[in-house]
Amino acid sequence: MKVSLNTIRQYVNFELPPVDELVARINEQLGGVEEVVDIGAKYKGIVIAKVVKCEPHPDSDHLHVCEIDIGDYPLPPTVERLPSNLIQVVCGAPNVHADMFVAWLPPGATVPASFDKEPFVLDVRKIRGVESNGMLASSAELAIGDNHDGIVEIDTTEWKPTGVEIAPGVDFARAYGLDDTIIDIENKMFTHRPDLFGQLGVAREIAGIQQQPFVSPEWYLHPVIPTVAEESSPNAAEDSSASPLGSGSAQNDKQLELTVSNDAGDKVPRFMAVAIKDIEIKPSPLWLQCALVAMGGKPINNIVDVTNYVMLLTAQPTHAYDYDKLRGHKIGARMAKQGEQLPLLNGKTYTLEADDIVIVDGEGPVGLGGIMGGGNSEVSASTKNIVLEVANFDMYTVRKSSMRHGLFTDALTRFNKGQSPLQNDRIIALLMQSVFDVAGGSQASNVFDEWNLESRIKNQEVEVSSQFINDRLGLALDVQQIQMLLENVEFTCTIHDTSIKIQPPFWRTDIDLPEDIVEEVGRLYGFDKLPREL
């Protein structure tokens, strides 16, 4: 699990300790650290610049001679400013033009794409007789994409989580969160903690082991689910098992026809879906591309990137389907029919068995539940309407399917740890708003919410005494100390004399017994602090 410290800082309200100290604490109280990577080193020295002048190269039909403004950024000794105080760079990108903001790699900087291979260090050189200082970078050269054809054009109006204002001379890594440290924690340490496969969950635990209070963001604790109830089909109201979010099917002039079902029984505890219309497929905002790269992802397009970012943030995998490729305008979950064929996004076709969970449209499978989407419903450059899905799958079933078919994905890594269905409504609300932010569009159906086994996934209250905890840890904590440790990570505690009634938060699927509370208190207090005596 790759943890971005810049992302963690967005969700905690205290200063993180030095990296070495934090790593030691994580090793002792959270999980084994496999690697610490300073990705800021990869982007060291890259500067945001403004192209002031752009003219054709005198000896080339495709090169341009550019003069760029880098503000007061200190120059390496090999670089000289023009009399205009600008810097001259020769650029071959077809999209270069005056007044654009770019990422400038000065002489002495290493091209990020070469950083982990054979480092390519730039210098001052003449290109067809014209002196060029460094280069203006493409997304491929910055290692945040595959585009070699054009340089990155920085949008000065784009929102960024860093809040850094774009101006000539601003450090590129600082502006886009690439001045980051990534702590890679061994996945097996989190086998019983599915919430820790997201940045939000790790931020909460880092607060807890630092004995600092954590409060989840409002969108996670109190989601606002958009509804179009006045436009819904009558069968939604007639279904007594329907969630207040809507169920069944819906269609009118303002909506897209959509029918949602969940026929997989206890193999799919919860299946949520919503239609979004009139979206625009395009590259993601630069900050989002950089955030994905920092956490080990790869930008593809704005819709796919949003689903991946939400997963990396919350630990809940999500998926987007091209609405117009869903036959019968239907989507749902069921068990596969023996011998069914399913082409997946990896370009291969799989023969299914009756023990596989499948996502289906009106005619057949369009995805292998909890593992990978189908190639027959893939979001592409021509997609205009989509269906967003947020679901949960039985972890033992998807684990066996992945082994059977030899398929291992980031989604599977999370689903086979047992995600809590109680967070799905929060995730779909965040996902919808994120799609609107990066792709436009509007809600075109109810948010359908198909439950199975609702009564079995409610977190149960646990009552335990301070003596029960202390006898097992060899400590003498009072109930207030125990309460503080647990409430720091958002347990709800009610004290009755020397006992505590404890309500685990909805994302904790591992708390059932008093002994689970003992383990939690010991870990948050610090097992290394326990007395060394029988």
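Residues numbered from 1 in each chain as written. Predicted model: local features only at pLDDT ≥ 70, side-chain atom pairs only at ≥ 80, totals over all residues. Heavy atoms only, no water.

## Description of the packing of aromatic side chains
Consideration 1: In total, this model carries nine aromatic pairs according to the counting rule given.
Consideration 2: With a centroid separation of 6.0 Å and 85° between ring planes, the pair formed by Phe190 and Phe197 is classed as edge-to-face. Comparing Phe190 with Phe197, the two get one shared label, buried.
Consideration 3: Taken together, the ring pairs connect Trp219, Tyr220, Phe506 and Trp507 into an aromatic cluster.
Consideration 4: The ring of Trp507 has Arg204 lying over it, and the distance from NZ or CZ to the ring centre is 3.8 Å.
Consideration 5: Here the guanidinium or amino end of Arg426 rests over the ring plane of Phe506, the centre of that ring lying 3.8 Å away. (Phe/Tyr/Trp six-rings, centres within 6.5 Å; stacked < 30°, edge-to-face > 60°. Buried < 20%, exposed > 50% of the residue type's maximum accessible area, 1.4 Å probe, protein only. Lys NZ or Arg CZ within 6 Å of the ring centre and 35° of its normal.)

## As for the environment of Pro299
Consideration 1: In this structure, Pro299 sits in the loop between helix H7 (286–294) and helix H8 (302–314).
Consideration 2: Pro299 gets classed as buried once you look at its relative accessible area, which sits at 14%.
Consideration 3: Taking C-alpha positions, Pro299 is 41 Å from Asp528, a pair spaced 229 residues apart along the chain.
Consideration 4: Not counting residues within four places of it along the chain, the set of residues in contact with Pro299 comprises Ile144, Gln289, Leu292, Val293 and Asp305. (Helix = DSSP H or I, 4+ residues; strand = E, 2+ residues; numbered from the N terminus. Contact = heavy atoms within 4.5 Å.)

## Side note on unusual backbone geometry
Consideration 1: The backbone of Arg128 shows a phi angle near 50°, a positive value even though the residue is not glycine.
Consideration 2: Relative to the elements of secondary structure, Arg128 occurs in the loop between strand S7 (124–127) and strand S8 (130–133).
Consideration 3: Even without a glycine there, the phi angle at Glu490 is positive, about 75°.
Consideration 4: By secondary structure assignment, the location of Glu490 is in the loop between helix H13 (479–487) and strand S25 (492–496).
Consideration 5: Taking relative accessible area as the criterion, Glu490 reaches 13% and is therefore assigned buried.

## Structural notes on the packing of H7 against H8
When two helices pack together, their arrangement is captured by the angle between the axes and the distance separating the axes.
Consideration 1: Contact pair H7 / H8: the axes reach a minimum separation of 10 Å and the direction vectors enclose 50°. Taken together, the axes of H7 and H8 lie oblique to each other. H8 is crossed by H7, and the crossing has left-handed handedness. Listed contacts from H8 to Trp287, Leu288, Ala291 and Leu292 of H7 are Asp305, Val306, Asn308, Tyr309 and Leu312.
Consideration 2: Classifying every residue of the contact of H7 with H8 gives seven nonpolar, one polar and one charged. (Axes fitted to C-alpha atoms, helices over the stretch in contact; angles between N-to-C directions. Parallel < 35°, antiparallel > 145°, perpendicular 65-115°, else oblique. Left-handed = near helix turned anticlockwise from the far one by under 90°. Nonpolar A, V, L, I, M, F, W, Y, C, P; charged D, E, K, R; others polar.)

## Structural notes on empty space enclosed by the protein
Consideration 1: Applying the stated criterion to the full structure yields one cavity of 30 Å³ or more.
Consideration 2: Of the volumes computed, that of the largest cavity is approximately 40 Å³.
Consideration 3: Lining the largest cavity are Asp195, Leu200, Gly201, Arg204, Tyr220, Thr314, Gln423 and Trp507.
Consideration 4: Looking at the lining of the largest cavity, the element that brings in the most residues is helix H4 (residues 199–209), giving three residues. (1 Å grid on protein atoms, 1.4 Å probe; cavity = no way out; pocket = protein on both sides within 12 Å on 5 of 7 lines; lining within 4 Å. Points joined across faces, edges and corners; volume = space filled by probe spheres on them.)

## Examining the pattern of salt bridges
Consideration 1: Enumeration over the complete set of coordinates arrives at 20 salt bridges.
Consideration 2: Among the salt bridges present, the one from Glu280 reaches Lys282, with a minimum N-O distance of 3.9 Å.
Consideration 3: A relative accessible area of 35% places Lys282 in the partly exposed class.
Consideration 4: Here the salt bridges share partners, and the residues they tie into one network are Arg193, Asp195, Glu205, Arg508, Asp510, Glu520 and Arg523. (Salt bridge = Lys/Arg side-chain N within 4 Å of Asp/Glu carboxyl O.)

## Some words on the nonpolar core
Consideration 1: Ranked by size, the top nonpolar core spans 114 residues in total, and within it Phe172, Tyr176 and Ile517 carry the most contacts.
Consideration 2: The greatest single-element share of this core, amounting to nine residues, is contributed by helix H11 (residues 424–439).
Consideration 3: If you look at the next biggest cluster of nonpolar residues, it comprises 36 residues, including Val268, Leu352, Val387 and Leu412. (Core = buried A, V, L, I, M, F, W, Y, C linked by side-chain atoms within 4.5 Å.)

## Things to note about the sheet that holds strand S9 (residues 135–136)
Consideration 1: Reading across the sheet, the five strands line up as S5-S4-S3-S6-S9 and stay open at both edges, with antiparallel pairing between neighbours. Each edge of the open sheet is held by one strand with a lone partner, namely strand S5 (87–91) and S9.
Consideration 2: Here strand S3 (residues 47–56) runs beside strand S6 (residues 101–105); their pairing, made up of four bridges, is antiparallel. Residue pairing across strands places Lys50 opposite Phe101, the latter belonging to S6. (Pairing = 2+ DSSP bridges.)

## Examining the pairing of strand S23 (residues 448–451)
Consideration 1: By the alternation rule, side chains of S23 split into Phe448 and Glu450 and Asp449 and Trp451, which are all buried.
Consideration 2: Alignment of strand S13 (residues 270–277) against S23, held across four bridges, turns out to be antiparallel. Along S23, the bridge assignment pairs Ala273 with Phe448.

## Description of the layout of surface pockets
Consideration 1: Considering only enclosed or pocket space, the largest pocket measures out at about 1100 Å³ in volume.
Consideration 2: Around the largest pocket sit 43 residues that line it, and Asn308, Met311, Thr409, Asp410 and Ala411 are the ones nearest its centre.
Consideration 3: Going through the elements one at a time, strand S10 (181–185), H8, strand S14 (319–322), strand S19 (365–368), strand S20 (372–373) and helix H10 (410–415) are the ones with two or more residues in the lining of the largest pocket.
Consideration 4: A total of six residues in the lining of the largest pocket trace back to one element, the largest contributor, which is H8.
Consideration 5: Broken down by class, the residue content of the lining of the largest pocket amounts to 21 nonpolar, 14 polar and eight charged.

So, to be careful, I would describe these as geometric facts and stop short of saying anything about function.
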